[in-house]
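Observations on chain architecture
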Amino acid sequence: MSIDILLLLGAALFCIGLAVVVTRKNAIAVLIGIELMLNAANLNLVAFSRFDGDQLQGQIFALFVITVAAAEAAVALAIVVKVYQHFNTADLDQINELKG
Amino acid sequence: MEIANIIFYAFIGITLISALFIMLTKNILYSAFALIATFLGMAGIFVLLGAEFVAITQILVYVGGILILIVFGIMLTNRGKTTKVDTKIYHKFYGILIATGFFYLLARGISTADFGGMAWMTNSNSSPSSIRHLGMKVMTDYVLVFEVIGILLLIALIGAIRIAGHTREEVEHVD
Amino acid sequence: MDINDIIIVTDFNPLIFWILALLGIPLLSFFTATFLKKNAPLWASTLLFANLLVAIYLAIEYWGTQGVTIRGDWFGIGDTRFTYSFFIDQLALIMLLVVNFIALLVHFFSIEYMRHDAQKARYFGLLGLFTFSMLGIVLFNDLLFIFIFWELVGLSSYLLIGFWFEKKSASLAANKAFIMNRIGDLGFLTGLMILYAQFQTFDLEGIKSLTILSSIEDGNWIAEYFKNGELVRNSLDGRWLSAAGIALFCGAVGKSAQFPLQVWLPDAMEGPTPVSALIHAATMVAAGVFMIARIFVILDAQALEVIAVVGAITAFMAAVAALSQFDIKKVLAYSTISQLGYMVLAMGVGAYTAGLFHLVTHAMFKAGLFLSAGTIIHQLHQLETEETRFDTQDMRVMGGLRKFMPFTFFCFLICALALAGIPGFTGFLSKDAILLDTAVWIDEKGGGFYFIEVLAFATVLLTAFYTFRMIFLVFTGTFRLPNLVDKSVTLKPLKDGNIFLKLPAVLLAIGSFSLVFGLSFKAEDTWFYQVIQNPIFLVPEPYAAFNLIDIPLEYFEFLHARVVTISIILALAGLVTAFLMYRPGARFATSFPEKREPIGFFRQISFYHWYQNALYEKVILKFILMMSRWLAWFDEKVLDGFVNMIAKLQVVIAHLVAWFDKNIVDGFVHLTTYTTGKVGQMTRSIQSGNVQGYIMAAMAFLILMLIWLLF
């Protein structure tokens, strides 16, 4: 159970999340990508926590990340719903009123 | 090969495959469901890493909370449609290029750093964790952060309701 | 002597109000009459009547006084003071009366004469302007002011001659009068400059006083006086003294129609006949003589000789020209020139009083003649219809008018007798006085000046002849008009004018009786001679002319009988000749209506007024036209060529500049805007509003940074 494989998994998940965030037009799909990236970070935290003498700081931080992610998801989805009501679409390329 | 290792790699496999599926599928609903698999796989890895409480929280919050929200979001943003809830894709080439490039760099960095060979890694005692110990830590050393996180959640909750719900004028208008 | 002690600003004198009234009333008439339209004639006449009353009041009040001066400061430039001054003496009073009286009669006459003219408001306004200007000349005692009003008189004369400006001949005549007057005024201006250079004042009293004080030393004319406490010593060659007098006289030559500028006056008959009566017979042309009278005392012997010669030549030439005219107004015009020549001759020989006397008498009887002629013209005009058009001024259409217009005939006859110099009428008195003084002067001078006497006496004969020729042709015989027009046309009966036409003529006819001036047949016995006396010349000694006052009275007595006899005989001879030639049934009277162009050298000279117009046309006009053509060529080819070249050069340069501007300067500007726009467009595309694009960019830079850091 080498740490490298966990770190590589985290990196892979992060990059997959990044790819999803960048390529998807739908806002909810983008959110899914963000969740993936957060989980990749969590994985790193928990993995290093496994080799930590105290063993708990990483886990506690992971807990907080999960909590924040939940808050983020709630607010983000609220925004998406509102945006959908306003623009009648959830496609990010069409929600560009602020472009220069 | 130990049974634990097999399970460990199995979880890694589940996580990785479902994550890749998320990346490859166009259907948002499918990707949401694939996300469940990813979360579950990760929860398994967490358990194997001795972070049972995190794993449980992961399942509770992500699978029970966030995914439900996402599914609701999908449904709310595709009202009245009977077709598949596909998302359009763009930036395909650059996105993949950046992702793979970044992954290459990270992988190269991880392999160069060689965490596994470090002294504090090899000397660490991997005693089994206890949820009680975690609870003590949270309520003592990290109590301030805990409270702040609570308030943050509350604010997020209120904010989400405020954003997604009807404004006062809209309420009056409805009445 | 300080000049400031001579030109003293007088204390306040209520007379100034009367003077201002005299000037202001006609000016008011000028400004208001034009707006009144239909009521203008009555309004203007009323104002003029008021003005005459003012003049009469002043005459009663100031008669017999030595002359009142009113002087005030006009303006000053540095130390140089300019004053205005009025001078009311008996000469001014008489002139005021004459001008106002004749102006009023002319206004009155014009009410009928201009009744059907659409522009009569303008006409009466201009009469007001003329009266104002003329009174200005009479009242002011300052050469600069006299010059100003002199020009105003010229202007109003121009406007009135060209009153019917739609007629080409009228506007041409107006131009001619104006230009001829300008030539004379140039001389006036020169005289002003000479006098100002010497005396540094325009005030006549100042000029006179300083002339007395000036002296002739070694042929130089020296004026010494103090000005603001400083001694001024001006020295000019003595001939400038004569030049000043002659130059000032040039003004009179223009205005009073003297040789060689007299050609404008016959043409000026294009104006309405009352205007001819007022301006070109009675007043304006007299302004020249009046002006000579004002400067009389500073004229030296040489200037006076020139004046006398010019006057005699003018009198004779015009009398000859009057012999053969067809146009009744032309005859009167030439006779006016001739009589003006007499006045100028009188001034030249030093017969100051006689000249002015003739001015006054002539004003009366000539205005009467013109107004009577105006009545005839007006009444003949009534006969004109759409089918019959004829020249109402042509004597060939008249004849036998005595039967139709007996009243006009008598007025005309009385005035004509005065003009011809028949005893019992004013013209005899004044002309006789002039002839006598001329004879005395020439006896004193001797030499070649006898030709002046010859001309003067010849003119008497000619005057009587053309006057009675006119009377015979116009009033006796048969009315020729019915024979000239189509037989089928029945003419309205010709009759005398109404009261508006009759009254002025009869008043002027009454004024032509010598009884008005006294019972005697001798001019010296009239009240005019008591009032106005020959002044003493003020010119320094060697240049001064001898004065007629210095001649013993016995000598006058001795010559008087001869002169009177000769002039009466000549006048009667003229009368008889005219009777023989032009009485009804005589040879010339019968052939007269068929006459067209004159035949024979003498007649042509007379008819074309010594070919003076033709001479001017041939010589001066041709020369001027040649000059102007050459100048036009020079202007067109050389000056304009130069200007055009510069203009072309500028256009070329402008084109170059425009090219540079368009391609280089604008190019820079466009490049800048283009670059800015492109950069903006490029940066704009980055700010696409696409969050994922931003993320990609951020990640790409992160990757690049990592690559840079790690490898």
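Above this text you will find the structure in question.
Residues numbered from 1 in each chain as written. Chains lettered and ligands numbered in written order. Predicted model: local features only at pLDDT ≥ 70, side-chain atom pairs only at ≥ 80, totals over all residues. Heavy atoms only, no water.

**A few points about the overall build of chain C**
In terms of regular secondary structure, chain C is built from 27 helices and five strands. Here chain C holds 711 residues, and the buried ones make up 55% of them. For chain C, the share of sequence-separated contacts (at least 6 apart) that also reach a separation of at least 24 residues comes to 79%. Here chain C displays about 30,600 Å² of accessible surface, and carbon together with sulfur accounts for 69% of that area. (Helix = DSSP H or I, 4+ residues; strand = E, 2+ residues; numbered from the N terminus. Buried < 20%, exposed > 50% of the residue type's maximum accessible area, 1.4 Å probe, protein only. Contact = heavy atoms within 4.5 Å. Areas by Shrake-Rupley, 256 points an atom, 1.4 Å probe, with all protein chains shown as cover.)

**Here's the deal with the overall build of chain B**
Helix and strand content of chain B: eight helices and zero strands. Counting from the amino terminus, chain B carries its helices and strands in the arrangement α-α-α-α-α-α-α-α. When burial is assessed residue by residue, chain B has 33% of its 175 residues classed as buried. Within chain B, residue pairs in contact and separated by at least 24 positions form 55% of the contacts whose partners lie at least 6 positions apart. Of the accessible surface of chain B, which amounts to about 10,700 Å², a share of 71% is contributed by carbon and sulfur atoms.

**Overview of the pairing of strand β2 (residues 80–88) of chain C**
Inspection of the sheet shows strand β1 (residues 68–77) of chain C paired to β2(C) by nine bridges, in the antiparallel sense. Bridge pairing in β2(C) links Asp73(C) to Thr83(C). (Pairing = 2+ DSSP bridges.)

**Let's talk about empty space enclosed by the protein**
All names here are of chain C. Summed over the entire model, instances satisfying the criterion amount to six cavities of 30 Å³ or more. Its volume calculated, the largest cavity comes out at about 170 Å³. In terms of lining, the largest cavity is formed by 19 residues, of which the most central are Ile 7, Arg 81, Phe 82, Gln 200 and Thr 201. When contributions to the lining of the largest cavity are tallied by element, the ones reaching two or more residues are α1 (3–6), β2 and α6 (143–161). Top contributing element to the lining of the largest cavity by residue count: β2, with four residues. Of the residues that constitute the lining of the largest cavity, the class distribution is eight nonpolar, six polar and five charged. Each pocket or cavity is described by its volume, and for the second largest cavity that value is around 50 Å³. Lining the second largest cavity, in full, are Ala 301, Leu 304, Glu 305, Gly 348, Val 349, Gly 350, Trp 441, Lys 445, Phe 537, Ala 545, Phe 546 and Leu 548. When residues of the lining of the second largest cavity are traced back to their parent elements, those giving at least two are α13 (301–322) and α18 (426–445). (1 Å grid on protein atoms, 1.4 Å probe; cavity = no way out; pocket = protein on both sides within 12 Å on 5 of 7 lines; lining within 4 Å. Points joined across faces, edges and corners; volume = space filled by probe spheres on them. Nonpolar A, V, L, I, M, F, W, Y, C, P; charged D, E, K, R; others polar.)

**Side note on the interface of chain A and chain B**
It is common to give the size of an interface as the accessible area that goes away when the parts come together. Facing 67 residues of chain A, the contacting portion of chain B comprises 81 residues. For the pairing of chain A and chain B, the buried interface totals around 6,700 Å² over both sides, and the portion due to carbon and sulfur atoms is 77%. Applying the counting rule to chain A against chain B returns one salt bridge. Residue Lys88(B) pairs with Asp91(A) through a salt bridge whose shortest N-O separation is 3.1 Å. Our enumeration of links across chain A and chain B arrives at twelve residue pairs in polar contact (both at pLDDT 80 or more). Going through the elements one at a time, α1 (3–23), α2 (27–50) and α3 (57–87) of chain A are the ones with two or more residues in the side of chain A that touches chain B. Ranked by the residues each element gives to the side of chain A that touches chain B, the list is headed by α3(A), at 23 residues. (Buried area = accessible area lost by both parts, 1.4 Å probe. Salt bridge = Lys/Arg side-chain N within 4 Å of Asp/Glu carboxyl O. Polar contact = N/O pair within 3.5 Å; in protein donor to acceptor, adjacent residues only side chain to side chain.)

**Describing the nonpolar core**
In this structure, Trp264(C) and Leu380(C) are the most contacted members of the largest nonpolar core, which totals 235 residues. Not counting residues up to four positions away in its chain, the partners in contact with Trp264(C) are Ile161(C), Lys176(C), Ala177(C), Met180(C), Asn181(C), Gly254(C), Lys255(C), Ala257(C), His280(C), Met284(C) and Val285(C). Listed in part, the 67 residues of the second largest apolar core include Val80(A), Ala51(B), Met699(C) and Ile703(C). (Core = buried A, V, L, I, M, F, W, Y, C linked by side-chain atoms within 4.5 Å.)

**Considering the pattern of salt bridges**
Residues and elements named next belong to chain C. The tally for this structure, following the rule as stated, stands at 16 salt bridges over all chains. The shortest N-O distance in the salt bridge between Asp 73 and Arg 81 comes to 3.2 Å. The class of Asp 73 is partly exposed, set by a relative accessible area of 44%. Among the salt bridges present, the one from Lys 167 reaches Glu 270, with a minimum N-O distance of 3.4 Å. With Lys 167 in the loop between α6 and α7 (168–199) and Glu 270 in the loop between α10 (264–267) and α11 (273–282), this residue pair connects regions lying 103 residues apart in the sequence. Classification of Glu 270 by relative accessible area gives partly exposed; the value is 25%. Shared partners join several salt bridges into a network, and the residues in it are Arg 71, Asp 203 and Glu 205.

**Overview of α7(C)**
Taking 1.5 Å of rise per residue, 32 residues should cover 46 Å, and α7(C) covers 46 Å from first to last C-alpha, within 8% of that figure. Directly after α7(C), the chain includes Gln200(C), whose backbone phi takes a positive value near 55°. (Expected span 1.5 Å × (residues − 1).)

**A short note on the packing of helix α19 (residues 450–475) of chain C against helix α23 (residues 553–582) of chain C**
Residues and elements named next belong to chain C. Contact pair α19 / α23: the axes reach a minimum separation of 7 Å and the direction vectors enclose 35°. Where α19 crosses over α23, the handedness of that crossing is right-handed. Taken together, the residues of the contact of α19 with α23 sort by class into 18 nonpolar, three polar and one charged. (Axes fitted to C-alpha atoms, helices over the stretch in contact; angles between N-to-C directions. Left-handed = near helix turned anticlockwise from the far one by under 90°.)

**Points about the interface of chain B and chain C**
Every contact between the two is made by eight residues of chain B and, on the other side, twelve residues of chain C. Roughly 890 Å² of surface becomes buried between chain B and chain C when both sides are summed, with 83% attributable to carbon and sulfur atoms. It is Ile98(B), Phe102(B) and Leu105(B) in chain B that bury the most area against chain C; as a group they hold 58% of the surface buried on that side. The tally of links from chain B across to chain C stands at zero salt bridges. For the pair chain B and chain C, the number of links is one residue pair in polar contact (both at pLDDT 80 or more). When grouped by side-chain class, the residues that make up the side of chain B that touches chain C number five nonpolar, two polar and one charged.

**Quick word on the layout of surface pockets**
Residue and element names in this part refer to chain C. The computed volume of the largest pocket comes to approximately 960 Å³. If you go around the largest pocket, you meet 38 residues; those closest to its centre are Trp 164, Lys 167, Met 269, Glu 270 and Gln 393. Contributing elements (two or more residues each) for the lining of the largest pocket: α7, α10, α14 (328–348), α15 (352–383) and α26 (612–686). Taken together, the residues that form the lining of the largest pocket break down as 15 nonpolar, twelve polar and eleven charged.

**Here's the deal with helix α12 (residues 284–295) of chain C**
Residue and element names in this part refer to chain C. Between its first and last C-alpha, α12 extends 17 Å over twelve residues, near the 16 Å set by a 1.5 Å rise per residue. When you tally the buried positions in α12, you get twelve out of twelve residues, the bulk of the element. When we look at burial in α12, the residues that qualify are Met 284, Val 285, Ala 286, Ala 287, Gly 288, Val 289, Phe 290, Met 291, Ile 292, Ala 293, Arg 294 and Ile 295.

**Points about the side chain of Arg469(C)**
Residue position: Arg469(C) is located in helix α19. Filtering out sequence-adjacent residues up to four positions away, Arg469(C) remains in contact with Ala322(C), Leu323(C), Ser324(C), Gln325(C), Val331(C), Met395(C), Ala578(C), Tyr582(C) and Phe592(C).

**With respect to the side chain of Thr408(C)**
Residue and element names in this part refer to chain C. For Thr 408, the position within the fold is in helix α17 (residues 406–420). Classification of Thr 408 by relative accessible area gives buried; the value is 4%. In contact with Thr 408, other than residues within four places in its own chain, are Ser 372, Thr 375, Ile 376 and Asp 496.

**As for unusual backbone geometry**
All names here are of chain C. Cis peptide bonds are those with omega within 30 degrees of zero, and the linkage from Phe 259 to Pro 260 qualifies with 5°. In this structure, Pro 260 sits in the loop between α9 (239–255) and α10. At Ala 257, a position not held by glycine, the phi torsion is positive, near 55°. Tracing the chain through its elements places Ala 257 in the loop between α9 and α10.

**Comments concerning the sheet that holds strand β4 (residues 220–227) of chain C**
Residues and elements named next belong to chain C. If you trace the three strands from one edge of the open sheet to the other, you get β3-β4-β5, paired in antiparallel fashion. The open sheet has two free edges, formed respectively by β3 (215–217) and β5 (230–237), since each of these has just one partner strand. Neighbouring strand axes in the sheet, compared pairwise and without regard to direction, differ in orientation by 35° on average. The strands touched by α7 within the sheet are β4 and β5, with β4 carrying the most contacts at an inclination of about 55°.

In short, the description is geometric, and any link to function would need to be established separately.
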